[in-house]
2 protein chains.
Amino acid sequence: MTISPLAQPFPAMPPVAGVRLAVARAGYKAWDRADLTLAELAPGTSVAGVTTRSKCPSPEVDWCRSALPQGRARVLVVNAGNSNAFTGKAGEAAVQAVVSAAVTAFDCTPHQVFVASTGVIGVPLSAAKARAGVADAASRLASDPADYIDAANAIGTTDTFAKGATASAIVDGKRIVINGIVKGSGMIAPDMATMLGFIFTDAAVAPDFLQMALTQATATSFNAITVDSDTSTSDTVLAFATSAAGNAEITSYACPGADAFAAALQDVCTQLALLVVRDGEGATKLITVDVEGAEDDRAAKVVALSIANSPLVKTAIAGGDANWGRVVMAVGKAGEAADRDRLDISFGATLVAQDGAVVPGYDEAPVAAHLAGDEVSIHVDLKLGDGRARVWTCDLTHGYISINADYRS
Amino acid sequence: MTISPLAQPFPAMPPVAGVRLAVARAGYKAWDRADLTLAELAPGTSVAGVTTRSKCPSPEVDWCRSALPQGRARVLVVNAGNSNAFTGKAGEAAVQAVVSAAVTAFDCTPHQVFVASTGVIGVPLSAAKARAGVADAASRLASDPADYIDAANAIGTTDTFAKGATASAIVDGKRIVINGIVKGSGMIAPDMATMLGFIFTDAAVAPDFLQMALTQATATSFNAITVDSDTSTSDTVLAFATSAAGNAEITSYACPGADAFAAALQDVCTQLALLVVRDGEGATKLITVDVEGAEDDRAAKVVALSIANSPLVKTAIAGGDANWGRVVMAVGKAGEAADRDRLDISFGATLVAQDGAVVPGYDEAPVAAHLAGDEVSIHVDLKLGDGRARVWTCDLTHGYISINADYRS
């Protein structure tokens, strides 16, 4: 597997008190690597989560949704190599096997066990392999613990590099740590385009506040990236807060350090989301799309995603082509209010079109230089209102076709 | 330019009484070909039209929208090589130049002149070239008339073959003819993904009925195809009915032959729409997506387009990969009601997944054989209601990337 040209090194990640990691070889596929990741979370750990908007979610997603309202977690199990999606009753039974193995090993309630799986779909996860893998990983927690990079590697499938992010903040006089790992969005057939993200913090945070902060952070991070507009049946982001840092529990934005915690969580989510785009299939350029002047923020995001998902825009960027006409097209097709004769478009720092026409004396040279780099920005001002949004995507290249078409499952 | 492997020969097209065609070399680009098409329509010709849903339409689209309510046409002018989109006041002035040249040549009112342009955007159409081209074409109507294939070639830009369709019907005891030509959807940078379609009939049809029939036909033809989900600023389909056939004018479905006329119009529109998909950039396979069992027809079309626009589905078909998991994914992301555990999916005549899981003893051989052909069908039954829809698309291949990225404008 060729490492993405946009890859980033895995950061130094401090430990998070209250979290223990282990990986095991469940053998879900015929491969020579760890493919089951287990996180043991201290009793009383808060949990929050966001899951795919797919109408055909995996049974793992169904399970997490049913467990989240209780707000507490003791165990996370992540399976790689088999998403267990679209597997009917057998798939549901496999999830229950994972849960009961964890309940046995950690003496917790079923709803304190969270499960995520990624990989081939349509094949039920082996309950026997999962049970043995959970038991094996549990036995390693003390004797053979895993680092975050081990876990980041073990949750990956077609990822070309391990993805992690960390941040810290002072909350109620205590330094708290937030670590995150993510996998995605390599989508080699017959695997699915699954993004899984797991965030661990030693801060004391009430489940409701953790959910609110995660939902807010997701809107401008995981939900602001797109590789090819396709949505997995398994996408899941879970956040765990162990409270080991000893701060007074954050229950609302009025609590000391709540803003700092939320900002650090946002930081980790944004870092992780950008790493997913950097591993987008065939990606050679990271594209930031900013839209302002829309009727409201929602409209701005619709327009920004229309640009970011346009195959014509993405292939133009791949070709280093300053094709602002395709940006106009993508604005027009978004369906939100736009006035052709007021539109401003910039590539990088260069205004290309103003008030709906190319700028007088337009010089393409600085634009071409910007597009030759591996980070490209597109800025659109609709000049209608105060709405703004930022989304990220990558270019669409022969690499994407090779990965997704030149492969026979 | 390599001709699409899915190309079809241009059909034999009978004349349509009341329609005269001519082409001219306006020289909008530095090319050695006719790039202006003129159709003279007999006095009293009815007109109807549908235009792009883009919020940033070209001034030609604005003009046609303003002229359509009058319901009468004497002249159609089509410019190729310059779409005149996103050109501000200069672009509007160019449209007015075309209109006034036609008014002068044919002694009609401005709103009886219809204009469409396709090609590079952001560069105002040359009013001088347009005026000279209209005059030249008008002078050729009698001495050097054009055939439908000449017109189909002259309206094309990056099309790899000329596209036309014809049908006839008995209306009120008279044989009427409907001819159509279309261009699209080659979208080589810096051109736009414009689809232009023009339909000519000698039937006598009132403008309101023509509009209703065209709108209905468009819903299941031009609006049921997708190459890459991108929408042009210039898309326009116009239908002209000269009344030369002598039938009693069709004003409603209660009139003799109204059903036959509408069916023939639907036939021509569907033929033309399929030709556009067959010339989709990089297309090697024509894909028919049928969805049934949705809550209603609208929901079925949303799901069908989600499948047809999915890059992962389209690349799987390109690779001959029976990847039904990607179809599940596309159903799930569509946002319409779906029950994962009831879904049936077929490729060609083979049921692949039933009730949300792969069929017992699934044999991929017949599916692989079907996918090896150049016409592929995907059938999804949601088993929730009576809604159904059919859409067409093409596969996503290296050819698409080469055309749209490996080119520097």
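Criteria and thresholds
- For every chain, the first residue of the written sequence is number 1, and numbering continues from 1 onward in sequence order.
- As they are written, the chains are lettered A onward and the ligands numbered 1 onward, keeping that order.
- In keeping with the predicted nature of the model, local features appear solely for residues at pLDDT of at least 70, side-chain atom pairs appear and are counted solely at 80 or more, and the whole-chain, interface and lining totals rest on all residues.
- Just so you know, side-chain values use all the structure's heavy atoms and leave hydrogens and water out.
- Whether two aromatic rings pair depends on their centres lying within 6.5 Å, for rings of Phe, Tyr and Trp, where Trp uses its six-membered ring; planes under 30 degrees apart make the pair stacked, over 60 edge-to-face, and the rest tilted.
- Here a helix means four or more residues in a row that DSSP labels H or I, a strand means two or more in a row labelled E, and each is numbered from the N terminus.
- Think of it in three bands: residues with accessible area under 20% of the maximum for their type are buried, residues over 50% are exposed, and the middle band is partly exposed, with areas taken using a 1.4 Å probe on protein chains only.
- We count a charge as sitting over a ring when the NZ of a lysine or the CZ of an arginine lies within 6 Å of the ring centre and within 35 degrees of the ring normal.
- Domain extents, as shown, originate in an automatic or database domain assignment.
- Here the buried area means the combined drop in accessible surface, using a 1.4 Å probe, for two parts upon being joined, counting both sides.
- One speaks of a salt bridge when a side-chain nitrogen belonging to Lys or Arg is within 4 Å of a carboxyl oxygen belonging to Asp or Glu.
- The axes used here are C-alpha line fits, helices contributing only the stretch in contact, and every angle between their N-to-C directions lies in the interval 0 to 180 degrees.
- For classification purposes, angles smaller than 35 degrees are called roughly parallel, those larger than 145 roughly antiparallel, those between 65 and 115 roughly perpendicular, and all remaining angles oblique.
- Handedness of each helix crossing follows the sense of rotation of the near helix against the far helix: counterclockwise by less than a right angle gives left-handed, clockwise gives right-handed.
- Two residues form a contact once any of their heavy atoms are found within 4.5 Å.
- Residues were grouped as follows: Ala, Val, Leu, Ile, Met, Phe, Trp, Tyr, Cys and Pro as nonpolar; Asp, Glu, Lys and Arg as charged; and all remaining residues, including Gly, as polar.
- Any residue with relative accessible area above 30% and no salt bridge may belong to a patch, with like charges joined within 9 Å and the nonpolar Val, Leu, Ile, Met, Phe, Trp and Tyr side chains within 5 Å.
- Areas reported here follow the Shrake-Rupley algorithm with a probe of radius 1.4 Å; residue values treat only the protein chains shown as occluding.
- Counted as positive: Lys and Arg. Counted as negative: Asp and Glu, with His and the chain ends omitted from the count.
- Just so you know, the charge point we use is NZ for Lys, CZ for Arg, CG for Asp and CD for Glu.
- Paired strands are those between which DSSP finds at least two bridges.

Draft legend 1. Region of interest: the packing of aromatic side chains. Within the structure shown, the criterion is met by ten aromatic pairs over all chains. Consider the rings of Phe114(B) and Phe240(B), whose centres lie 6.3 Å apart with planes at 75°: the pair is edge-to-face. Here Phe240(B) lies in strand S9 (residues 236-241) and Phe114(B) lies in strand S4 (residues 113-120), a separation of 126 residues in the sequence. For the pair formed by Phe114(B) and Phe240(B), the shared burial category is buried. Between Phe200(B) and Phe240(B) the ring centres are 5.6 Å apart and the planes differ by 20°, which places this aromatic pair in the stacked class. Taken together, the residues span a long stretch of sequence, with Phe200(B) in strand S7 (residues 196-201) and Phe240(B) in strand S9 at a distance of 40 residues. Of the two residues examined, Phe200(B) and Phe240(B), each falls in the buried class. Linked through ring pairs, Phe114(A), Tyr148(A), Phe200(A) and Phe240(A) together constitute an aromatic cluster. Just above the ring of Trp31(B) sits the side chain of Arg33(B); from NZ or CZ to the centre is 4.0 Å.

Draft legend 2. Here's a closer look at the domain arrangement of chain A. Residue and element names in this part refer to chain A. The domains assigned to chain A are domain 1 (19-278) and domain 2 (286-405). Using only C-alpha atoms to locate each centre, domain 1 and domain 2 end up separated by 33 Å. With both sides pooled, the region where domain 1 packs onto domain 2 buries about 1300 Å², and carbon together with sulfur makes up 58% of that total. On inspection of domain 1 and its partner domain 2, the count reaches one salt bridge. Between glutamate 375 and arginine 278 there is a salt bridge, with the nearest N and O atoms lying 2.7 Å from each other. When residues of the side of domain 1 that touches domain 2 are traced back to their parent elements, those giving at least two are strand S8 (225-226) and helix H6 (258-278).

Draft legend 3. How the structure looks around the pattern of salt bridges. Per the stated rule, a full pass over the model turns up 32 salt bridges over all chains. Among the ionic pairs, Arg140(A) bridges to Asp136(A), the shortest N-O distance being 3.2 Å. Placement of the pair is Arg140(A) and Asp136(A) together in helix H3 (residues 127-143), with a separation of four residues, close to one helical turn. On the basis of relative accessibility, which here comes to 27%, the residue Asp136(A) falls in the partly exposed class. Between Lys163(B) and Asp159(B) there is a salt bridge, and its shortest N-O distance comes to 2.6 Å. Overall, the relative accessible area of 0% leaves Lys163(B) in the buried class. Judged by its relative accessible area of 12%, Asp159(B) falls in the buried class. Here the salt bridges share partners, and the residues they tie into one network are Asp62(A), Glu92(A), Arg340(B) and Asp341(B).

Draft legend 4. A look at the packing of helix H5 (residues 207-219) of chain A against H6(A). Residues and elements named next belong to chain A. Interaxial distance between H5 and H6 falls to 9 Å at its minimum, and their mutual angle equals 45°. The orientation of H5 with respect to H6, classified from their angle, is oblique. When you trace H5 past H6, the crossing you get is right-handed. Taken together, the residues of H6 that come into contact with H5 (itself represented by Phe209, Leu210, Ala213, Leu214, Gln216 and Ala217) are Ala258, Phe261, Leu265, Gln266 and Cys269. Of the residues in the contact of H5 with H6, the class split is nine nonpolar, two polar and no charged.

Draft legend 5. Quick look at a negative patch on the surface. Residues and elements named next belong to chain A. On the surface, Glu295, Asp296, Asp297 and Asp386 cluster together into a patch of negative charge. Examined against the element boundaries, aspartate 386 turns out to sit in the loop between strand S14 (375-381) and strand S15 (387-394). Taking the relative accessible area as the measure of exposure, aspartate 386 reaches 73% and is therefore exposed.

Draft legend 6. Region of interest: the sheet that holds strand S10 (residues 286-294) of chain B. Residue and element names in this part refer to chain B. The sheet built from seven strands is open, its strands ordered S8-S15-S10-S14-S11-S12-S13 with mixed pairing. The open sheet terminates on both sides in strands that have one partner only, identified here as strand S8 (225-226) and strand S13 (357-358). As paired strands, S8 and strand S15 (residues 387-394) are joined by two bridges and run parallel to one another. Paired with isoleucine 225 across the two strands is tryptophan 392, which belongs to S15. The strands touched by helix H9 (residues 324-333) are strand S11 (344-347), strand S12 (350-354), S13 and strand S14 (375-381); relative to S11, the strand with the most contacts, the crossing angle is about 130°.

Draft legend 7. The sheet that holds S14(A), seen in detail. All names here are of chain A. Taken in spatial order, the seven strands of this open sheet run S8-S15-S10-S14-S11-S12-S13, and their pairing is mixed. Every interior strand has two partners, whereas the edge strands, S8 and strand S13 (357-358), have only one. Examined bridge by bridge, strand S11 (residues 344-347) and strand S12 (residues 350-354) share three bridges and lie antiparallel to one another. From the neighbouring strand, isoleucine 345 faces S12, where its bridge partner is alanine 353. Sitting on the sheet, helix H9 (residues 324-333) touches S11, S12, S13 and S14, and the angle it makes with S11 is about 130°. On the sheet, helix H10 (residues 365-372) packs against S11, S12 and S14 and is oriented at approximately 130° with respect to S14.

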